[in-house]
Structures are given as C-alpha cells and as structure tokens.
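# Examining the three-dimensional arrangement
Listed here are the chains, written in short residue letters.
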Amino acid sequence: RKEVEQDPGPFNVPEGATVAFNCTYSNSASQSFFWYRQDCRKEPKLLMSVYSSGNEDGRFTAQLNRASQYISLLIRDSKLSDSATYLCVVKGAAGNKLTFGGGTRVLVKP
Amino acid sequence: NAGVTQTPKFQVLKTGQSMTLQCAQDMNHNSMYWYRQDPGMGLRLIYYSASEGTTDKGEVPNGYNVSRLNKREFSLRLESAAPSQTSVYFCASARGVNEQFFGPGTRLTVL
C-alpha cells in the first residue's frame with residue numbers, strides 16, 4: 001500500500017462548480033499535511049497547509065480526518081486557472097522529509 | 001531573489017554516460033532535497049541534506065550520489081546513466097518542516 005494515495009482523476013469540472021477530492025495516508029503517526037499545486041510541466045508549489053481544525057483560503061477549503069486518516073480539498077466557484085494537478089503531501093513523525101501522493105488532476109472547463 | 005535554480009533544464013544521455021545536475025538556492029535554507037517525478041508515481045525522494053555537510057538517502061537512492069557543496073548548492077550525480085533514470089528531477093529547499101520551494105526541474109532522457 002502506498003503511503004499517500006490519491007485518485008489520479010481527471011476531475012472534469014464546469015467553470016463555477018464545486019469540486020472536492022480526498023487523499024488517504026497510511027502512517028497514523030504523520031504530523032503535518034499539505035496540498036501542493038503543480039501546473040503542467042512546472043514545479044510543485046505550496047497551496048495550503050492542512051490544520052486539525054480545518055482551514056480555508058479563499059475558495060479553497062482543506063480538512064483533516066485523523067480517525068480515518070484522510071485529508072480533503074474542496075474548491076468552490078472553480079476558475080479555468082484552477083486546472084492543475086493537486087498533490088497531497090504528508091510529513092512523518094520524524095525529520096523533515098515529505099511524502100507526496102501521485103496527484104489528482106483537475107480540469108476546469110468553460 | 002532567484003529562489004531555487006537548476007541546470008540544465010533538459011539533457012539527453014546515452015546509457016553509461018555520467019552527468020551532474022546542479023541546484024542552488026539563495027534563500028539561506030538549511031535543508032535541500034532531490035526528487036524524481038515519474039508519471040503516476042508522484043515525487044520520490046532520492047537524497048536530502050538537512051544541513052551543510054550532511055546528506056542522507058531517501059526512498060530511491062540507488063544509482064545516484066550527491067554533494068552538499070556549501071549551504072547554497074546541492075548537486076546530484078549519475079555515475080552511469082540507465083534508461084530507468086529517465087525522469088524529471090526536482091531540487092527543493094526548505095527552512096524548516098513546512099514549505100519546500102522547488103526549482104523548475106531538469107528533464108532527463110537516457111537512451
């Protein structure tokens with residue numbers, strides 16, 4: 001079983017719609033969680049950290065469910081510019097190493 | 001600030017050739033990382049350096065060596081390239097445990 005698993009998609013989303021997707025992680029001792037965004041043929045960039053209480057950044061909402069070991073990302077009012085691959089990232093209990101999921105591809109269409 | 005820079009951007013090698021990928025950061029970060037990204041596999045950690053003078057193996061270190069030349073620079077060397085090393089290579093740096101900043105990547109093809 002992979003340490004961090006994501007549905008690869010693609011999620012085809014009409015412009016203005018809401019899309020949500022999850023990521024599961026296998027190590028219950030994982031401490032920190034993040035969503036990174038990666039545009040086609042570009043480097044990953046941090047989108048947002050995921051806090052235990054859940055957090056929101058504009059149209060983006062991230063949630064953490066420790067009991068079921070998953071995190072989620074919800075995008076409201078999708079824009080064409082939201083088309084990208086979203087990488088779920090987990091930091092283990094020790095050290096500064098991050099484990100990346102394979103990514104969920106989102107395509108927002110007019 | 002340039003952030004994280006990588007050279008070269010593209011490279012084609014023949015099996016058995018060697019090369020070094022260069023990475024530099026100007027953010028005064030302690031930690032630096034080398035990843036490879038293959039379709040459907042996500043980013044996999046090859047080697048990392050928690051601070052100047054230290055390096056450690058990641059998930060897929062075989063076939064690679066690294067050098068943390070100074071605080072700014074962290075290079076990745078392929079001594080004898082194999083087709084299985086065809087990939088996109090990303091260097092990253094971080095101050096602590098949170099955000100990692102990535103370079104633009106090197107697209108390597110080994111024939």
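The residue numbers shown here count from 1 along each chain, following its written sequence. As a convention, the first chain written is A and the first ligand written is 1, with the rest following in written order. Local features in this predicted model are restricted to residues of pLDDT 70 or higher, and side-chain atom pairs are both shown and tallied only at a pLDDT of 80 or more, whereas totals for entire chains, interfaces and linings draw on every residue. Side-chain metrics rest on all non-hydrogen atoms present in the structure, leaving aside hydrogens and water.

### With respect to the pattern of salt bridges
Quick reminder of the rule: Here, a salt bridge means any side-chain nitrogen of Lys or Arg that lies within 4 Å of a carboxyl oxygen of Asp or Glu. We call a residue buried when its accessible area falls under 20% of the maximum for its residue type, exposed when it is over 50%, and partly exposed in between, using a 1.4 Å probe and counting protein chains only.
All told, the structure shown has 7 salt bridges over all chains when counted by the stated rule. The residue A:Asp39 makes a salt bridge to A:Arg37 at a minimum N-O spacing of 2.8 Å. With relative accessibility at 32%, the residue A:Asp39 sits in the partly exposed group. Between B:Arg44 and B:Asp38 there is a salt bridge, with the nearest N and O atoms lying 2.8 Å from each other. Here B:Arg44 falls in the buried class, since its relative accessible area comes to 17%. You can call B:Asp38 buried: its relative accessible area is 11%.

### Points about the layout of surface pockets
Let me state the cut-off plainly: Throughout, the protein atoms alone are placed on a 1 Å grid, and a set of points is a cavity if a 1.4 Å probe fits but cannot get out or a pocket if it is open with protein on both sides within 12 Å along at least five of seven lines; lining residues have an atom within 4 Å of a point. Grid points are joined across faces, edges and corners, and a volume is the space filled by probe spheres set on the points. Secondary structure follows DSSP: runs of H or I at least 4 residues long count as helices, runs of E at least 2 residues long count as strands, and numbering of each begins at the N terminus. As a working rule, the residues Ala, Val, Leu, Ile, Met, Phe, Trp, Tyr, Cys and Pro are called nonpolar, Asp, Glu, Lys and Arg charged, and the rest polar, with Gly in that last group.
Of the pockets and cavities examined, the largest pocket occupies roughly 730 Å³. Forming the boundary of the largest pocket are 31 residues, of which A:Gln38, A:Thr85, B:Gln37, B:Pro39 and B:Gly40 lie nearest the centre. Contributing elements (two or more residues each) for the lining of the largest pocket: β1 (4-6), β9 (84-91) and β11 (104-109) of chain A together with β4 (31-38), β9 (87-94) and β11 (106-110) of chain B. Of the residues that constitute the lining of the largest pocket, the class distribution is 11 nonpolar, 12 polar and 8 charged. Taken together, 26 residues line the second largest pocket, and the ones lying closest to its centre are A:Glu3, A:Leu98, A:Thr99, A:Phe100 and B:Glu59. Elements supplying a minimum of two residues to the lining of the second largest pocket: β9 and β10 (98-100) of chain A together with β5 (42-49) of chain B. Per-element accounting of the lining of the second largest pocket gives the leading share, 4 residues, to β5(B). Residues belonging to the lining of the second largest pocket are distributed by class as follows: 10 nonpolar, 10 polar and 6 charged.

Keep in mind these numbers describe shape, not what the thing actually does.
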